[in-house]
Amino acid sequence: MSSRSPLSSIPNTDEQGAIHPASVFALIDRVLPFEICLYHQVVPLALVDKTLILGLVCPEDSNSVRYIESLLVPFNCQASLQRISARLQQQLLSSFLEFDR
């Protein structure tokens, strides 16, 4: 049995915090399913150490934040919230659907 985290193979962002679509897509595949992202208007942007950077259209939506944080418990990581525009969220999710895996 491997002790590696299921998140350990996901690349991080660079030092400037730039969004890397491949990282976003891997996080959607492994952590926050597309449907959750769509419904709660969230996108996992990056994994930095044991912190998952989440882009939320409405970070004030405490019900969504609590639910998403509950999904992270098995991954033993915490969430860091960042406001993103609805347009960016939609672009990332559209790109995810078009991404050839």
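Structure's up top.
Anyway, here's the lowdown on the structure attached to this text. (Residues numbered from 1 in each chain as written. Predicted model: local features only at pLDDT ≥ 70, side-chain atom pairs only at ≥ 80, totals over all residues. Heavy atoms only, no water.)

From N to C terminus, the chain includes four helices and three strands. Each helix and strand of the chain, placed in order from N terminus to C terminus, yields the pattern α-α-β-β-α-β-α. Within the span of the chain, comprising 101 residues, buried residues form 38% of the whole. For the chain, contacts bridging at least 24 residues in sequence account for 59% of all contacts bridging at least 6. Surface summary for the chain: the accessible area is close to 6200 Å², and the carbon and sulfur share equals 52%. (Helix = DSSP H or I, 4+ residues; strand = E, 2+ residues; numbered from the N terminus. Buried < 20%, exposed > 50% of the residue type's maximum accessible area, 1.4 Å probe, protein only. Contact = heavy atoms within 4.5 Å. Areas by Shrake-Rupley, 256 points an atom, 1.4 Å probe, with all protein chains shown as cover.)

One non-glycine residue with positive phi stands out, namely Asp49, at about 55 degrees. Checked against the element boundaries, Asp49 lands in the loop between strand S1 (42-48) and strand S2 (51-56). Its identity is not glycine, yet Asn76 carries a phi of approximately 55 degrees, on the positive side. Relative accessible area serves as the criterion here: at 52%, Asn76 is assigned to the exposed category.

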